[in-house]
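# Remarks on the overall topology
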Amino acid sequence: MNTIIFGALAVISLFIFLNLGKVKASRKQLNRNNRINRFGNQESSNIIEGESTEIKNQDKQ
Amino acid sequence: MSKHSALNTFGRSGNPAFTKNFGGSAYDLPLNQRMTLDGAVNKTGILLGLCFTGAFVGWNMPTLTMPAWIIGIILGFVTIFRSPAKSGSTAPLYALSQGIFLGGITLFFEAQFPGIAIQAIGLTFGILASLLFCYKSGLIKPTENFRLMIFSATMGIALLYFISIMIGLFGGGIPLIHSNGLFGIGFSLFVVSIAALNLVLDFDFIEEGAEKGMPKYMEWYGAFALMVTLIWLYLEILRLLAKMRSR
């Protein structure tokens, strides 16, 4: 009986792990401000650094 | 406005197309070279398979237990302190050698307490699945403070075990923690809890790595981290059950 109960628990749990593990975590888990940041901000930024200057029509001429 | 203002601006641009530092971000990797959840879970499955194969060998050849343990420890340190990029070759060997060690240890416990092995295996995988559910659903949310707490407790336990082994070499021992009294069982329960919570950090590591598109080899590293925690958890559950059954 011991073997059947714990054996079944092991097999079912392993099945759950192999399937649930491939599912992305919920929004509640991912969209938080206090998440651990191990790899830094990898996303490339679209912001172009530098000063902006207004170009007037007079300058163009 | 200066004639060179546009050049100056584009020269300092954050756009990788305008700079020579192209290739610094993980997002620059092609899709098939990025870490995925599927890949990490599949590789964990491979490592578990190797661990079970090793356990079968260790169960039938218990003389290999200690050499396999030493080899496993060395491979573990090589994987952690060398480079994660090599974990594709070291992690499977680690799982195999630790499997042999676990097979031998399990045989030793099983001889004293029949049926303890299947109980420990069932509980280990049960904890794994339930904590994965808690993590995926957002019931447990790992934060920097959570990580600091678990890391500190893990290091404290590692130090205590190291001191215990050192004292053991000279014939002594730390009282109470290895006993089957209430304190000993309470200590084992605490260690099992810390080992289990380390699983949450491993899940988060894999999730974040896949989300940020880390290189493919990180799948092996994530699977390796999960295996290290699972092996520790299994050993602690085995010790806890042995203490409870020897009362």
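Scope of this entry: the structure provided in the associated data block. (Residues numbered from 1 in each chain as written. Chains lettered and ligands numbered in written order. Predicted model: local features only at pLDDT ≥ 70, side-chain atom pairs only at ≥ 80, totals over all residues.)

### Things to note about the overall build of chain B
For chain B, the count of helices and strands is eight helices and zero strands. Ordered by position from the N terminus, the helices and strands of chain B form the series α-α-α-α-α-α-α-α. In chain B, 81% of the contacts between residues at least 6 apart in sequence involve partners at least 24 apart. (Helix = DSSP H or I, 4+ residues; strand = E, 2+ residues; numbered from the N terminus. Contact = placed C-beta atoms within 7 Å.)

### Some details on helix H7 (residues 182-211) of chain B
Taking 1.5 Å as the rise per residue, H7 of chain B with 30 residues should run 44 Å; its terminal C-alpha atoms sit 44 Å apart, in good agreement. Count one or two residues on from H7 of chain B and you reach Gly213 of chain B, which has phi positive near 65 degrees. (Expected span 1.5 Å × (residues − 1).)

### Structural notes on unusual backbone geometry
All names here are of chain B. In this model, Leu176 sits at a positive phi of 75 degrees, which is unusual for a non-glycine residue. As for its placement among the helices and strands, Leu176 is situated in the loop between helix H6 (144-169) and H7. Residue classification places Leu176 among the exposed residues on the basis of 12 C-beta atoms within 10 Å. (Buried ≥ 20, exposed ≤ 12 C-beta atoms within 10 Å, placed from the backbone.)

### Observations concerning the nonpolar core
Among the nonpolar cores identified, the biggest contains 65 residues, and Leu128, Phe224, Met227, Leu233 and Tyr234 of chain B are the most heavily contacted of them. Those elements giving two or more residues to this core turn out to be helix H1 (2-20) of chain A together with helix H2 (37-60), helix H3 (65-81), helix H4 (87-112), helix H5 (116-137), H7 and helix H8 (217-245) of chain B. The greatest single-element share of this core, amounting to 17 residues, is contributed by H8 of chain B. For Phe224 of chain B, the contacting residues outside a window of four places in its chain are Thr79, Ser87, Ala91 and Tyr94 of chain B. (Core = buried A, V, L, I, M, F, W, Y, C linked by C-beta atoms within 7 Å.)

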